[in-house]
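# Commentary on secondary and tertiary structure
Single-letter residue listing:
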Amino acid sequence: MNIELPSRTALTAAAARAAHLIVDGEPTIHRDPLAEPLLGDEAEELLAYHRKSGEHPILAGARAQVVCRSRVVEDLLPDFERYVLLGAGLDSYAYRSAGVEVVEIDRPATQEWKRQALDKAGVPVPGNVTYLNSAADLDGGGRTLVGWLGVTMYLTAAELDATLAALPPCELVADHMLPEGLRDADGDAYVAGVGPQTAKMGEPWRSFLSPDDMAALLDKHDFDVVRHVHQRDLPQMLDRDDSLRPVNLSIITHARHRLS
């Protein structure tokens, strides 16, 4: 049976998480041992880029971006009863951790790919995992943390509004690409190099949000910003001996709904 591939960006994000454990040194920022198995037959090709050219600023920047956002959100999870992933992609938290209800929201094709990859790797789907196709299907649940990682840049302003409007009271961690003028030279180079390629694959970046832009968007939906996190704010990103360096490319926003 042929299963449709997940989005290319879901695959490359998983490859970056997997490659972090292969090409980067200590300290490890985020450990995801299931990222490589979830890539299935795509693993060899995607990881070869990192193995061969892992010091390239764009590849190192991709790894830094994905592992930092995953570290920030997963560090918060012990305080919550439920973790909702918007655009879950190939995120593996539910299959390597326990103690919290997990709701994964994504396209059916991506979910089917993930289930088949997990089965091939001998990893069972735990009973605390639920798959949904839309945030509109989400109920109130217990104390909830929503992870919106690697998604906002692909959405229009109307889609951002609709997603936030569909969420129940919760806490939210979202990363968003910074607009021109707030990025540094490495961030600008990443956008210039990667942006046209994602557009060619049918996944153009549609939204670039400053911290003030994101705060205003969240305020419309009754969320208050708890903090904005830059890559440089993670101690593990400082004084490294490998190719990972903090880049002003995106920022991670942690917010709390006023009724949560």
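So, how was this worked out
- Residues numbered from 1 in each chain as written.
- Predicted model: local features only at pLDDT ≥ 70, side-chain atom pairs only at ≥ 80, totals over all residues.
- Heavy atoms only, no water.
- Buried < 20%, exposed > 50% of the residue type's maximum accessible area, 1.4 Å probe, protein only.
- Helix = DSSP H or I, 4+ residues; strand = E, 2+ residues; numbered from the N terminus.
- Pairing = 2+ DSSP bridges.
- Core = buried A, V, L, I, M, F, W, Y, C linked by side-chain atoms within 4.5 Å.
- Contact = heavy atoms within 4.5 Å.
- Expected span 1.5 Å × (residues − 1).
- Bend = angle between axes of the 7 residues up to and from the residue.
- Polar contact = N/O pair within 3.5 Å; in protein donor to acceptor, adjacent residues only side chain to side chain.
- Arc of directions from axis to C-beta.
- Salt bridge = Lys/Arg side-chain N within 4 Å of Asp/Glu carboxyl O.
- Phe/Tyr/Trp six-rings, centres within 6.5 Å; stacked < 30°, edge-to-face > 60°.

With that out of the way, let us pick up the pairing of strand β4 (residues 144-148). Summarising burial for β4: 5 of the 5 residues are buried, a large majority. Neither face of β4 is exposed, since T144, V146 and W148 on one face and L145 and G147 on the opposite face are all buried. With 4 bridges connecting them, strand β1 (residues 82-86) and β4 associate as parallel partners. Bridge pairing in β4 links R82 to T144.

Across soluble globular proteins, nonpolar side chains show a tendency to be buried alongside one another. L39, Y83, Y95 and V173 are the most contacted members of the largest nonpolar core, which has 48 residues in total. Those elements giving two or more residues to this core turn out to be α1 (8-23), α2 (35-38), α3 (43-53), α4 (57-76), β1, α5 (93-96), α6 (108-120) and β3 (129-132). With 8 residues, α4 is the largest single contributor of residues to this core. In contact with Y95, not counting residues within four places along its chain, are L34, E104, K114, L118, V123, P124, V125, P126, V129 and Y131. Core analysis: the second largest hydrophobic core is formed by 23 residues, L86, I105, L155 and L217 among them.

This paragraph deals with helix α8 (residues 185-200). With 16 residues, α8 should cover 22 Å at 1.5 Å per step; its first-to-last C-alpha distance of 23 Å lies within 8% of that length. The axis of α8 is deflected most strongly, by about 30°, at V194, and proline P196 appears within four residues downstream. Turning to α8, its buried residues number three or more, namely G187, Y190, V191, V194, G195 and T198. In the core, the buried residues of α8 are packed alongside α4 and β5 (171-177). Regarding α8, its N-cap is D184, as a side-chain oxygen of that residue lies 3.3 Å from the backbone nitrogen of D186 further along. Count one or two residues on from α8 and you reach G202, which has phi positive near 85°.

All right, on to the side chain of D24 then. Here D24 lies in the loop between α1 and α2. A relative accessible area of 9% places D24 in the buried class. Among the polar contacts listed, one links the side chain of D24 to the side chain of R63, at a separation of 2.8 Å. The contacts of D24, once residues within four sequence positions are left out, are A19, R63, R240, D242, S243 and L244.

Within helix α9 (residues 211-220), burial applies to P211, M214, L217 and L218. Each buried residue of α9 lies within a common arc of 125° when the element is viewed along its axis, so the set occupies one face. Among the exposed residues of α9, those oriented more than 90 degrees off its buried face are D212 and K220. Buried residues belonging to α9 abut α7 (157-166), β5, β6 (223-229) and β7 (250-257). Looking one or two residues past α9, D222 carries a phi angle of roughly 70°, positive in sign.

Positionally, A199 belongs in helix α8. A199 gets classed as partly exposed once you look at its relative accessible area, which sits at 41%. Taking the C-alpha atoms as reference, A199 lies 9.8 Å from Y154; in sequence the two are 45 residues apart.

Of the consecutive residues E26 and P27, the connecting peptide bond is found in the cis state with omega at 0°. Its location among the elements puts P27 in the loop between α1 and α2. Although it is not a glycine, D222 sits at a positive phi angle of roughly 70°. In this structure, D222 sits in the loop between α9 and β6. Located in the positive-phi region is D239, a residue other than glycine, with phi close to 55°.

Let's shift gears to the pattern of salt bridges. Applying the stated criterion across every chain yields a total of 20 salt bridges. In this structure, K220 and D161 form a salt bridge, with 3.1 Å as the shortest nitrogen-oxygen distance. Residue K220 is located in helix α9, and its partner D161 is located in helix α7; the two are separated by 59 residues in the primary sequence. The partner of D188 in a salt bridge is R183, and the shortest N-O contact between them spans 2.8 Å. Through salt bridges that share partners, R17, D32, E74 and R96 make up one connected network.

Here the focus is the packing of aromatic side chains. Scanning the entire structure with this criterion turns up 3 aromatic pairs. The interplanar angle of 90° and the centroid separation of 5.5 Å between the aromatic rings of Y83 and Y93 together place this pair among those described as edge-to-face. Placement of the pair is Y83 in strand β1 and Y93 in helix α5, with a sequence separation of 10 residues. Judged by relative accessible area, Y83 falls into the buried class, the value being 1%.

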